[in-house]
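Chains, contacts and geometry: an overview
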Amino acid sequence: MTRIVVVGHGPSAYRLVESLRGFTGSITILGEEPRPAYDRVALTSYLAGKSAEDLTYPVPQGVTLRLGSRVTGIDRAARTVTTADGEISAYDVLVLATGSAPFVPPVPGRELPGCFVYRTIDDLDAIAAAAATATAGIVVGGGLLGLEAADALRGLGLDTHVVEMSPWLMPRQVDEGGGAVLRDHVERLGLTVHAGAGVTEIAGPDRVTGLLKPDGELIPAQIVVFSAGIRPRDELARASGLAVGERGGIVVDEGMRTSDPSIYAIGECALAGGQIYGLVGPCFTMAEVAADRIKGGVASFHGADLSTKLKLLGVAVAQFGQMSGALDVTYMDPVAGVYKRLFVSDDATTLLGGICVGDAAPYDTLRPFVGKPLPGAPSDLLFTGGGLTLDLPDDAQVCSCNNVRAGTVRAAVLDQGITDVPGLKACTRAGSTCGSCVPLLKQILVKSGVPVSKALCEHFTQSRAELFEIAQVRGIATFTRLIEEHGTGRGCDICKPAVASILASLHNAHVLDGEHAALQDTNDHFLANIQKNGTYSVVPRIPGGEITPDKLIVIGEVARDFGLYTKITGGQRIDLFGARVEQLPLIWRRLVDAGFESGHAYGKALRTVKSCVGSTWCRYGVQDSAALAILLETRYRGLRSPHKLKSAVSGCARECAEARSKDFGVIATENGWNLYVCGNGGFKPRHADLLVSDVDTATLIRTIDRFLMFYVRTADRLQRTSAWLEALDGGLDHLRDVIVNDSLGLCADLDAQIERHVAGYFDEWRATLDDPDKLRRFTSFVNAPGVPDPSIAFVTERDQIRPVGVSS
Amino acid sequence: MSVCGYADLMPERGACALVGAEQVAVFRTFDGRLYATGNRDPYSGAYVLSRGIVGTREGEPTVASPMHKQVFSLVTGACLDDPATFIPIFPIRVTSGMVEVSVL
Ligand code: SRM
Ligand SMILES: Cc1cc2nc3c(=O)[nH]c(=O)nc-3n(C[C@H](O)[C@H](O)[C@H](O)COP(=O)(O)OP(=O)(O)OC[C@H]3O[C@@H](n4cnc5c(N)ncnc54)[C@H](O)[C@@H]3O)c2cc1C
Ligand code: SF4
Ligand code: FES
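Per chain, the residues get numbers from 1 upward, laid out in the order the sequence is written. Key to labels: chains lettered from A, ligands numbered from 1, both in the order written. Reporting of local features is limited, given that this is a predicted model, to residues whose pLDDT is at least 70; pairs of side-chain atoms are given and counted only at 80 or more, and all residues count toward the totals for whole chains, interfaces and linings. To get the side-chain values, all heavy atoms of the structure are used, and hydrogens and water are removed first.

Considering the interface of chain A and chain B
We count it as follows: Whether two residues are in contact is decided by their heavy atoms, any of which lying within 4.5 Å being enough. Accessible-area loss on putting two parts together, using a 1.4 Å probe and summing over both, is the definition of buried area adopted here. Every case where a carboxyl oxygen of Asp or Glu lies within 4 Å of a side-chain nitrogen of Lys or Arg is listed as a salt bridge. Under the rule applied, a polar contact is a pair of N or O atoms within 3.5 Å (in protein, one hydrogen donor and one hydrogen acceptor; residues adjacent in sequence only if both atoms are side-chain atoms). Each helix corresponds to a stretch of at least 4 residues labelled H or I by DSSP, and each strand to a stretch of at least 2 residues labelled E; elements are numbered beginning at the N terminus. Classification used: nonpolar for Ala, Val, Leu, Ile, Met, Phe, Trp, Tyr, Cys and Pro, charged for Asp, Glu, Lys and Arg, polar for all others including Gly.
With 37 residues of chain A at the interface, the matching set in chain B holds 35 residues. Taken over both partners, the interface formed by chain A and chain B buries close to 2,700 Å², and the fraction arising from carbon and sulfur atoms is 55%. At the junction of chain A and chain B, the tally comes to two salt bridges. Residues Glu12 of chain B and Lys496 of chain A are paired through a salt bridge, measuring 2.6 Å at the closest nitrogen-oxygen approach. Counting the contacts that link chain A with chain B gives 14 residue pairs in polar contact (both at pLDDT 80 or more). Going through the elements one at a time, helix 16 (495-507) and helix 17 (522-526) of chain A are the ones with two or more residues in the side of chain A that touches chain B. When grouped by side-chain class, the residues that make up the side of chain A that touches chain B number 14 nonpolar, 14 polar and nine charged.

Structure follows, in structure tokens:
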């Protein structure tokens, strides 16, 4: 039986072992890091909150994995390797997958505490710990990894500098023009760029205090991260007499064999065809080739695509194919921060490569055409790159991380019946690494005629919009009737709240009336937001964020009397936390008596309309933004919608209310109001688009009425307005056509529906307090109504309660 | 032990009963059947399952945790999204209009 020993457990080793699955031989992996192989490409997401487990690859079955074992020597004659703690393992086949180490330039002070590299989870832990007491950080090196490290420092709250030797950032991926545009983006994010600058010294004396540049400038900082390139870890190979390249790297042939036929080298430590590959895609291919050779196959490695697409800093930077060519076409818009350049052959027929900054659409659509006839006139391709839907040739590479071609993806769709992206990932691996090819995968799915299922869940084949139509046209007012006539089974946690929301938008009945009550999520069911320990929070409506001192005092008294944790929210109002279900009616009795009403923090409904003080107080204000915010919040309160709705009104272009991050936002002008729609904060921020400008208040309200109702009717379940607009055929122009020019003849209907909503509004909490039947559900225990839930406990922190005792 | 009247339970919804020290989630489904499970959500550790949405998955009666939406079978207690995780199931019946559960 063949004994395989693998040195190093990084992505390459992981892929090697996966590809050896089914091979009858023993496999021993000796990895220096204390944890099994993880997705180094996604390293930065660790600082953004992913856990080490999230990043870790599945640990292979049936292999011996020794972690924390650094190999210190190879005895090629005896065919053994020795680890630092003296353990000896014998091999028939040895695979070196030792990767690379960050290069630290030999500058004085590089050993001081406060100097780091950016390669492993341990490095990140150390950086994060040091950042806790630091205010400024410097990254030495402005390449792809350096910018990633800089973004991480920025994310840790440091004032961040990037020092780059070359005259522009990312010199390996972009040219000077692209570099200039990139620099603008990076600086707009608040990073300071020192390009064309070297490092004279890291200033000490006992720990890092700054970085001294050759021009004499001292940048004060407590953290320095070196990201000045990588060096292959070939020290073991060197010491045991294997051939290594002049500038490092273990020399391998096309079958990944080193100068000793029983030793292979793969990944970033290997020098294949005279080149080191610092991207994970080629490393994976090398691993697959080596596995095939070990199994007796003849696979070979002939270089790889070095295209890159940067996925951070919110700036798209992409490069594919060659960075030069006989002819080139450049498109540049410094205001929008976009730079795109395509290189073509001298007869202008073959695409050679391209560079994109600020807009990577050409990368997605054109990369597969490198070396192939141009699919259109170069300038058209640059301008329309985004919306372009080209038919990819079968041999076009779609996923460069996993070397998957369009033909393979198409075959998976047509022959194996795969109908979605997760299916394609599982079956072809495409899209499973950096994810930048996912748009292409979707395009292939659509082009192959896969009907993208719109079914809400297993109980309804219809989409939410279709169910809305059905309920409206047939006058259906209950879930039971809808599912009996148009669905199957008895519903679930997906369709029940969605239908409840549709019925609420259509009929304005109390969400806890009759059988509606059973459809609601726990939040709507108790008209409050559930917290991690099973208690609830209470959010009274404070329209526009404006509140009288008396009402403020009432909130304070209620919070004090019920012992609730009190916090000002990001939505310009106040949240009271830690109420048990049986306390909710008592709390709300007090609030309703003082003139408060439900804030619908629990509902997929209008949340807040934030405001600034506007022309009443502010010396810059041009309209009364607070009054308008209150008017809007009062008009749309209680409107149930596919997802929550947020709004804001600013009194002038300074935009203190952040209206452009809202589902609908209004900014005052000298002549009236500008209305922006479909903005989003949250998970995927999006600036709102200008829908109409300089309109008077009546026109503004009519436009918002129609916008909201059109969204309520046609959006998918849990689709915010931003995602809805992006999926809407025809986009913003179509939206404007429908609600301003009435192109579908819908407006009278939309207007009437909103008027019904406004006329029918009532406060849900007041109605609940008036109805003993609804109040009955507010107990912890059916058989012991007075008993509080004994599992709920609090401790005091910063003079307020916080939950304890919840564990999984 | 008798916990409440059958009529006190809302169709397609749960309620929690305190049986000794045990919190039992009691559900009445659309067809009038009753189910009893533990009230503790094994994922969050909070005692909240009685407040989840009741439904069916491929015909099997279920409750979805209100905390992070994992779906449990009311019949076997298995988490249908993660079959290695279970919640306890208790015997339940109606005797002359009263709902009785046993936690022994
Ligand atoms: C309380 C509050 C945080 C705070 O202490 O300030 C908060 C708390 C919650 N947010 Fe938020 N968000 C709060 C302002 C925001 C804001 C800022 C804003 O509204 O101006 C945002 C970004 C703006 C946006 O939504 O576009 C925000 C983006 C989210 C998101 C992400 C939405 C997205 O489209 O990606 C979620 C998740 C979701 O809704 O699915 C969320 C969900 C939640 C939930 C409901 C999570 C949950 O299910 O338990 C939190 C419970 C609230 C509670 O228990 O009362 N919260 N949340 C803020 C309440 C504002 C209010 O008065 O109503
Ligand atoms: C922050 C960051 C972002 C990146 N982003 C991208 C990206 O967007 N796209 C992309 O394509 N690539 C990216 N990369 C590069 C990618 O991570 C590497 O190409 C990939 O990790 C190479 O895998 P490997 O297994 O060859 O080497 P490594 O990942 O370096 O793994 C080698 C392992 O071997 C261990 N080892 C070394 N010597 C010994 C020894 N003597 N004994 C035992 N164990 C040893 C090391 O500790 C290490 O765990 C990024 C890298 C970093 C650091
Ligand atoms: S947005 Fe304009 S009017 Fe409103 S507070 Fe800011 S500066 Fe003043
Ligand atoms: S290109 Fe990275 S996952 Fe496909």
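Digging into the confidence of the model for chain B
Residue and element names in this part refer to chain B. Note the following rule: Every residue gets a pLDDT, meaning the predictor's confidence in that residue, from 0 to 100.
The pLDDT averaged across chain B works out to 91; a share of 100% of its residues lies at or above 70. Looking across chain B, the model is least confident in strand 1 (residues 2-5), with a mean pLDDT of 90, and most confident in strand 4 (residues 34-38), with 95. If you check the scores for this complex, the pTM reads 0.56 and the ipTM reads 0.70.

Brief notes about the site of ligand 1
All names here are of chain A. Put simply, the test is: The near set for a molecule or strand comprises every residue that places at least one heavy atom within 4 Å of it.
Around ligand 1, 21 residues are found, and the nearest of them are Gln531, Gly570, Asp575, Lys644 and Gly681. Measuring from an oxygen atom of ligand 1, one finds a backbone N or O atom of Gly570 at 2.5 Å. Take Lys662: an N or O atom from its side chain is 2.7 Å from an oxygen atom of ligand 1. Looking at the shell around ligand 1, the elements that each hand over two or more residues are strand 31 (574-579) and strand 32 (606-611). Partitioning the shell around ligand 1 into residue classes produces two nonpolar, 11 polar and eight charged.

Considering the packing of helix 20 (residues 625-636) of chain A against helix 21 (residues 697-714) of chain A
Residues and elements named next belong to chain A. The cut-off we apply is this: Fitted lines through C-alpha atoms give the axes, limited to the stretch in contact for helices. The angle between two N-to-C directions lies from 0 to 180 degrees. Each crossing gets its handedness from the near helix: less than a right angle anticlockwise from the far helix is left-handed, clockwise is right-handed.
The N-to-C vectors of helix 20 and helix 21 enclose an angle of 35°; their axes lie 12 Å apart at closest approach. The chirality of how helix 20 crosses helix 21 is right-handed. Contacts between helix 20 and helix 21 involve Leu628, Leu631, Leu632, Arg635 and Tyr636 from the first element and Thr697, Leu700, Ile701, Ile704, Asp705 and Leu708 from the second. Taken together, the residues that form the contact of helix 20 with helix 21 break down as eight nonpolar, one polar and two charged.

Examining the confidence of the model for chain A
Taken as a whole, chain A shows an average pLDDT of 90; of its residues, 98% reach a score of 70 or greater. Confidence, read as mean pLDDT per element, is least for helix 10 (residues 378-384) of chain A in chain A (68) and greatest for strand 33 (residues 645-650) of chain A (98).

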